[in-house]
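Here is how the chains run, residue by residue.
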Amino acid sequence: MKTQPKRLAAVLACLAAVLPACAEGEAPAAPELRRVGGFSTPESVLHDEERDVYLVSNIVGSPVEKDDRAFISRVSPDGEILDLTWIDGASEGVTLSAPKGMAIAGGRLYVADIDVIRVFDASDGAPIEDIEVAGAGLLNDVAAMPDGSIVVSDSGVAIGEGGFTSIGTDALVAVDPGGEVSRLIADPALPHPNGVACAEGEIWVAYLGAARVDALDASGKLRREISLPAGTLDGLVRLDDGRLLVSSWDAGAVFAIDPAGDAAPRVSTLAADLPSPADLGWDRARNRLLVPLFNDGEIVLLDVK
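Here's a quick rundown of the structure. (Residues numbered from 1 in each chain as written. Predicted model: local features only at pLDDT ≥ 70, side-chain atom pairs only at ≥ 80, totals over all residues. Heavy atoms only, no water.)

**Side note on the sheet that holds strand E16 (residues 193-199)**
- Pairing within the open sheet is antiparallel, and its four strands lie in the order E16-E17-E18-E19. In this open sheet, the two edge strands, each paired with only one partner strand, are E16 and strand E19 (222-227). Each strand axis lies, on average, 20 degrees off the axis of its neighbour in the sheet, ignoring direction.
- Here five bridges tie E16 to strand E17 (residues 202-207), and the two strands are oriented antiparallel to one another. In the strand pairing of E17, Ala 199 is matched with Glu 202. (Pairing = 2+ DSSP bridges. Helix = DSSP H or I, 4+ residues; strand = E, 2+ residues; numbered from the N terminus. Axes fitted to C-alpha atoms, helices over the stretch in contact; angles between N-to-C directions.)

**Re the layout of surface pockets**
- The volume enclosed by the largest pocket comes to roughly 750 Å³.
- If you go around the largest pocket, you meet 31 residues; those closest to its centre are Leu 46, His 47, Glu 49, Ala 144 and Arg 284.
- When contributions to the lining of the largest pocket are tallied by element, the ones reaching two or more residues are strand E2 (42-48), strand E6 (99-105), strand E10 (139-144), E16, strand E20 (233-238) and strand E24 (281-283).
- Broken down by element, the lining of the largest pocket gets its largest block of residues, five residues, from E2.
- Residue composition of the lining of the largest pocket, by class: 18 nonpolar, four polar and nine charged. (1 Å grid on protein atoms, 1.4 Å probe; cavity = no way out; pocket = protein on both sides within 12 Å on 5 of 7 lines; lining within 4 Å. Points joined across faces, edges and corners; volume = space filled by probe spheres on them. Nonpolar A, V, L, I, M, F, W, Y, C, P; charged D, E, K, R; others polar.)

**Observations regarding the pattern of salt bridges**
- On inspection of all chains with the given rule, the structure shows 19 salt bridges.
- Shared partners join several salt bridges into a network, and the residues in it are Asp 48, Glu 50 and Arg 51. (Salt bridge = Lys/Arg side-chain N within 4 Å of Asp/Glu carboxyl O.)

This is the structure in structure tokens:
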């Protein structure tokens, strides 16, 4: 029986699509990527799961200057900017200078702002209170704990024209639901804690000054260390399957870490060619990574397969 030309063309097209994926050593497909612009020094992206919206912290200049010019944006999962200045430091009654990491707990939005944690109503952005952290140097990332408390990293650095300078305030700070502040760890020898993630009784931390992430127990005791190919780490998220995603400024990339089991953790590059990737967010409903590009005024939405 003779094969019809149209049918033959269809078969060949199918083979052309399938055979390359079966080639030995073929790398997995890169995650689908979309860019959304229009931001001003975006440092962190957070998925507000209850309202299904992305929150973006905009520093608007220096990450250490108390200039009250910063704002937080609301963005739809489709990439539409719903409200660029939803929470605006320029508005009366709102103070916001250099917002970095964010977390939502108990209906409250917690925002690290240099040496203060700003607290807003997560539904309408109204300011609630400021939580002073005595002796803080540079509060950076924020993660929510299951009990409604939060953990905040103090990177212990000053930032100037020459880059980072250690000031010795390196710490992990805990804030309970009542606003009481304590330090889980306070050690000048820490390599500048940055990204934090909390899950299943563990606290994971990534460092500005080391190419590694650590797992700590709830009291701050070290459980394990995982080395990475490059440093100047920033954002850190933990997925429901136990994997960790961490951004590296040195590599301009996001690393994926599979720490499961007793074997050596598997580390791979999830996404490359991402300049100045800052504090990551994760949309678990869409398996989507949210990456602010600090120096480019953009956020990147990566659909992870």
